[in-house]
Every structure is written in C-alpha cells, then in structure tokens.
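Summary of structural features
One-letter residues, chain by chain:
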Amino acid sequence: MTVEGIVLEALPSATFKVKLEDDREVLAYLAGKMRVRRIRVLVGDKVRVELASPTDERGRIIWRL
C-alpha cells in the first residue's frame, strides 16, 4: 500500500517522521535505490511512502515528489 505524505522531521540513519494524507504520523526510512542514487529528502518534501499494511507505523520512502 502506498500513500503520500510530508516530511516533518529528519532523524539519524536516514529515517524520517512523515505525516500522511490521513493525518497519521509514521516513521519511514529511505529505500535502497534512493540511497544508491543519493536522492536527498529534506523537511517539507512531499514523498510517497510504502506501508506493508494500512495499520503500520513504519514504512519506507520510495519516491520524492
């Protein structure tokens, strides 16, 4: 399941606090391809997050919009 959100806070080890469209906050890390291609994600960026299930509180950032 993929949802869009906005990065609220940058944390150590390429993890981010992201506020999703449905007003939930999740902890998300950068996907491997984004790390390899050195795509930077900053606070305020709109991102697409992949969640394993709709109730997860952790996900991974797969796209920077």
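All of the points below concern the structure found in this document. (Residues numbered from 1 in each chain as written. Predicted model: local features only at pLDDT ≥ 70, side-chain atom pairs only at ≥ 80, totals over all residues. Heavy atoms only, no water.)

**Thoughts on the sheet that holds strand β2 (residues 15–20)**
Convention followed: Strands pair, by our definition, only if DSSP identifies at least two bridges between them. Numbering of helices and strands starts at the N terminus; helices are DSSP runs of H or I of at least 4 residues and strands are runs of E of at least 2. To define axes, lines are fitted to C-alpha atoms, for helices over the stretch in contact only, and angles between the resulting N-to-C directions are given on a 0 to 180 degree scale.
What the five strands build is a closed barrel, ordered β1-β2-β3-β5-β4; its pairing is mixed. In this sheet, neighbouring strand axes are inclined to one another by 55 degrees on average, regardless of whether the strands run parallel or antiparallel. Relative to strand β5 (residues 58–64), strand β4 (residues 46–50) runs antiparallel, the two being bridged by four bridges. Paired with V47 across the bridge in β5 is R64.

**Notes on the nonpolar core**
Stated formally: The term nonpolar core refers to a set of buried residues drawn from Ala, Val, Leu, Ile, Met, Phe, Trp, Tyr and Cys, joined through side-chain atoms within 4.5 Å. Whether a residue is buried, partly exposed or exposed follows from its accessible area with a 1.4 Å probe, protein chains only, as a fraction of its type maximum: under 20%, in between, or over 50%, in that order. Every residue pair with non-hydrogen atoms within 4.5 Å of one another is taken to be in contact.
Among the nonpolar cores identified, the biggest contains 14 residues, and F16, V18, L20, V41, V47, V49 and I61 are the most heavily contacted of them. Residue assignment for this core shows that the elements contributing at least two residues are β1 (2–11), β2, β3 (25–30) and β4. When near neighbours in sequence (up to four residues on either side) are disregarded, L20 contacts V3, E4, G5, V26, V49 and L51.

**A word on the environment of R64**
Selection criterion: Think of a polar contact as two N or O atoms within 3.5 Å of one another; within protein, one of them needs to be a possible hydrogen donor and the other a possible acceptor, and neighboring residues in sequence only count if both atoms come from side chains.
Checked against the element boundaries, R64 lands in strand β5. As for R64 and R24, which are separated by 40 residues in sequence, their C-alpha atoms are 19 Å apart. Filtering out sequence-adjacent residues up to four positions away, R64 remains in contact with M34, I39, R40, V41, D45, K46 and V47. Within the local environment of R64, its side chain forms a polar contact with the backbone oxygen of R40, the two atoms lying 3.4 Å apart. In this structure the side chain of R64 is engaged in a polar contact, spanning 2.9 Å, whose partner is the side chain of D45.

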